Amino acid sequence: MKRPLIVGNWKMNGTSAEAVKLTRHVRDGVKALRSVEIALAPPFTALNAVASITGGRRIHLVAQNVHWEDKGAFTGEISARMLKEIGCQLVIVGHSERRHLFHETDRWVAWKIRATLNSGLLPILCVGETLAERQRGRARQVITRQLRAALKGIRESAIDKLTVAYEPVWAIGTGQHATPVQVAQAHRWIRDALKELLGRFKTGEIRILYGGSVRPDNSSEIAGVAEVDGLLIGGASLKADDFLRIIGDFEQSKSRQRRRK
Ligand code: PEP
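Notes on the structure in this doc start here.

1. Observations regarding unusual backbone geometry
Here comes step 1: In this model, H103 sits at a positive phi of 55°, which is unusual for a non-glycine residue.
Here comes step 2: With a phi angle near 55°, S213 is a residue other than glycine that sits in the positive phi range.
Here comes step 3: Along the chain, S213 falls in the loop between β7 (207-211) and α9 (219-223).

Below, the structure is given as structure tokens:
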């Protein structure tokens, strides 16, 4: 059974001291959680500080990016081996801010997915269309292209290590989240593409998260979409109370869905 996963992506926010405070607050707030997994993606400089509090048990440690090589002359980059050494378990790959602000290509994303899996870390592959692509009716094509490129040649044994996040670019950090209908539809496109690319029986366990302006006032609506297996949260994960409220609402909504089944 897929356990829902909720990831807080702090982006380039917070010193180590601030990260410690926020992590303690989150850790204390999720003690009673049973059915949802929680993960935090602090800036690289705060990974160690966060790891010292979470111990990697109740809260998974996530890196926001990775380089595809193990080592070498790549100034400013961090390898999967280095992330593993400090206790990371997951890595966000292909976030739209990386794709659009730092011009990461589908090819780089594929190399990063491979490096992440080869090192024993678990990738969270982000896909999603821009507003212009959606308005031109090309959302499905874009998402499918991103998935196909990123997962080309991935080993069968690695399929269940993968998480996908649907993050429409127009919803990230804008305050304008996708509607439940749009979310359900995009998640079905992703599930169909995964089946086509990787095989019907192996892909059922891949979690598909939604990300894009999830806030306490809309999280129940999004959690209510049966196709959503978790959330990737940026801005709202920087406020512990908001993040905890979203987690609580999500858990309740999913347990209601399970009871109805
Ligand atoms: C993100 O950074 O992945 C994200 C979804 O950001 P926000 O929640 O702020 O839209």
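2. Some thoughts on the site of the ligand
Here comes step 1: Near the ligand there are 15 residues, and of these K11, E167, G173, S213 and G234 occur at the shortest range.
Here comes step 2: Within the side chain of K11, a nitrogen or oxygen atom sits 2.7 Å from an oxygen atom of the ligand.
Here comes step 3: Here an oxygen atom of the ligand sits 2.8 Å away from a polar atom, N or O, in the main chain of G235.
Here comes step 4: About the coverage of the ligand: the protein hides 98% of its 290 Å² of free accessible area.
Here comes step 5: In the shell around the ligand, the residues fall into 4 nonpolar, 8 polar and 3 charged.

3. Overview of the packing of helix α1 (residues 16-29) against helix α2 (residues 47-54)
Here comes step 1: Where α1 contacts α2, the axes come no closer than 9 Å and their chain directions differ by 30°. By the criterion of interaxial angle, the relationship of α1 to α2 is roughly parallel. Regarding α1 and α2, the two cross each other, and that crossing is right-handed. Each of S16, A19, V20, T23, R24 and R27 in α1 lies in contact with α2, whose residues at this interface are A49, V50, I53 and T54.
Here comes step 2: The residue makeup of the contact of α1 with α2, split by class, is 5 nonpolar, 3 polar and 2 charged.

4. Let's talk about the sheet that holds strand β6 (residues 163-166)
Here comes step 1: One closed barrel holds the 8 strands; their spatial order is β1-β2-β3-β4-β5-β6-β7-β8, and the pairing between them is parallel. In this sheet, adjacent strand axes meet at a mean angle of 25° when their direction is disregarded.
Here comes step 2: By the bridge criterion, 4 bridges tie strand β5 (residues 122-127) to β6 in an arrangement that is parallel. Directly across from I124, in β6, lies its bridge partner T163.

5. Description of the pairing of strand β1 (residues 5-9)
Here comes step 1: Taking burial as the measure, the 5 residues of β1 include 5 buried ones, the bulk of the element.
Here comes step 2: Burial of the side chains of β1 extends over both faces: L5, V7 and N9 are buried on one face and I6 and G8 on the other.
Here comes step 3: As judged from the 5 bridges shared by β1 and strand β2 (residues 37-41), these two strands associate in the parallel manner. Each bridged residue has a counterpart across the sheet, and for G8 the counterpart in β2 is L40.
Here comes step 4: Each parallel crossover has a hand, and the one from β1 via α1 to β2 is right-handed.
Here comes step 5: One ladder, built from 4 bridges, connects β1 with strand β8 (residues 230-233); its direction is parallel. Along β8, the bridge assignment pairs G8 with I233.

6. A few points about the nonpolar core
Here comes step 1: Counting residues in hydrophobic clusters, the biggest one holds 68 residues, and the most contacted among them are L147, L151, Y210 and L231.
Here comes step 2: With 8 residues, helix α8 (residues 180-198) is the single largest residue contributor to this core.
Here comes step 3: Contacts of L151, omitting those with residues within four sequence positions, involve I113, L125, L162, L194 and L198.
Here comes step 4: Listed in part, the 12 residues of the second largest apolar core include V7, V62, I124 and L232.

7. Digging into a positive patch on the surface
Here comes step 1: A surface patch of like charges, here positive, comprises R256, R258, R259, R260 and K261.
Here comes step 2: With respect to the secondary-structure elements, R259 resides in helix α10 (residues 240-260).
Here comes step 3: Look at R259 and you get exposed, because its relative accessible area is 63%.

8. What about the packing of aromatic side chains?
Here comes step 1: Taken as a whole, this structure holds 3 aromatic pairs when the rule is applied.
Here comes step 2: A ring pair is formed by W68 and W108, whose centres lie 5.4 Å apart and whose planes are at 50°; its orientation type is tilted. Here W108 lies in helix α5 (residues 106-118) and W68 lies in the loop between β3 (59-63) and α3 (80-85), a separation of 40 residues in the sequence.
Here comes step 3: For W108, a relative accessible area of 33% corresponds to the partly exposed category.
Here comes step 4: Taken together, the ring pairs connect W68, W108 and W111 into an aromatic cluster.
Here comes step 5: The lysine or arginine in question, R98, covers the ring of F102, its NZ or CZ lying 4.3 Å from the ring centre.

Basis of the calculations
Numbers given for residues are sequential positions, taken from 1 along each chain in its written order. Per-residue local features of the predicted model are confined to residues with pLDDT of at least 70, and side-chain atom pairs are confined, for both listing and counting, to 80 or more; whole-chain, interface and lining totals are unaffected and use all residues. With hydrogens and water excluded, all non-hydrogen atoms of the structure serve as input to the side-chain values. For helices the rule is a DSSP run of H or I covering at least 4 residues; for strands it is a run of E covering at least 2, with both sets numbered from the N terminus onward. Near residues are defined by distance, with any heavy atom within 4 Å of the molecule or strand qualifying the residue. N or O atoms closer than or at 3.5 Å make up a polar contact, with two conditions inside protein: a donor-capable atom paired with an acceptor-capable one, and, for residues adjacent in sequence, both atoms drawn from side chains. All accessibility values rest on the Shrake-Rupley procedure with a 1.4 Å probe; residue burial counts only the protein chains present in the view. Here the nonpolar group is Ala, Val, Leu, Ile, Met, Phe, Trp, Tyr, Cys and Pro; Asp, Glu, Lys and Arg are the charged ones; every other residue, Gly included, is treated as polar. Think of each axis as a best-fit line through the C-alpha atoms, taken over the contacting stretch in the case of a helix, with angles from 0 to 180 degrees between the N-to-C directions. Angular relationships are summarised with four words: roughly parallel below 35 degrees, roughly antiparallel beyond 145, roughly perpendicular across 65 to 115, and oblique for the angles in between. Less than a right angle of anticlockwise turn of the near helix away from the far helix marks a crossing as left-handed, whereas a clockwise turn marks it as right-handed. Between two residues, a contact is recorded if the distance between any of their heavy atoms is within 4.5 Å. When DSSP finds at least two bridges between two strands, those strands are taken to pair. Three labels apply to residues, based on accessible area from a 1.4 Å probe with only protein chains included: buried if under 20% of the type maximum, exposed if over 50%, partly exposed otherwise in between. By convention, orient the strands away from the viewer: a clockwise path from the first strand over the helix to the second makes the crossover right-handed. For the purposes of this section, nonpolar cores are sets of buried Ala, Val, Leu, Ile, Met, Phe, Trp, Tyr and Cys residues that join through side-chain atoms within 4.5 Å. Surface patches are defined over residues having more than 30% relative accessible area and no salt bridge, joining like charges when they lie within 9 Å and nonpolar side chains (Val, Leu, Ile, Met, Phe, Trp, Tyr) when within 5 Å. A pairing counts as a salt bridge when a side-chain nitrogen of Lys or Arg comes within 4 Å of a carboxyl oxygen of Asp or Glu. Residues counted as positive are Lys and Arg, residues counted as negative are Asp and Glu, and His and the chain ends are not counted. The atom standing in for a charge is NZ when the residue is Lys, CZ when it is Arg, CG when it is Asp and CD when it is Glu. Two aromatic rings, drawn from Phe, Tyr or Trp (for Trp, its six-membered ring), form a pair once their centres lie within 6.5 Å of each other, and the interplanar angle then sorts them: stacked below 30 degrees, edge-to-face above 60, tilted otherwise. We call a charge positioned above a ring when the Lys NZ or Arg CZ atom is no farther than 6 Å from the ring centre and deviates by at most 35 degrees from the ring normal.

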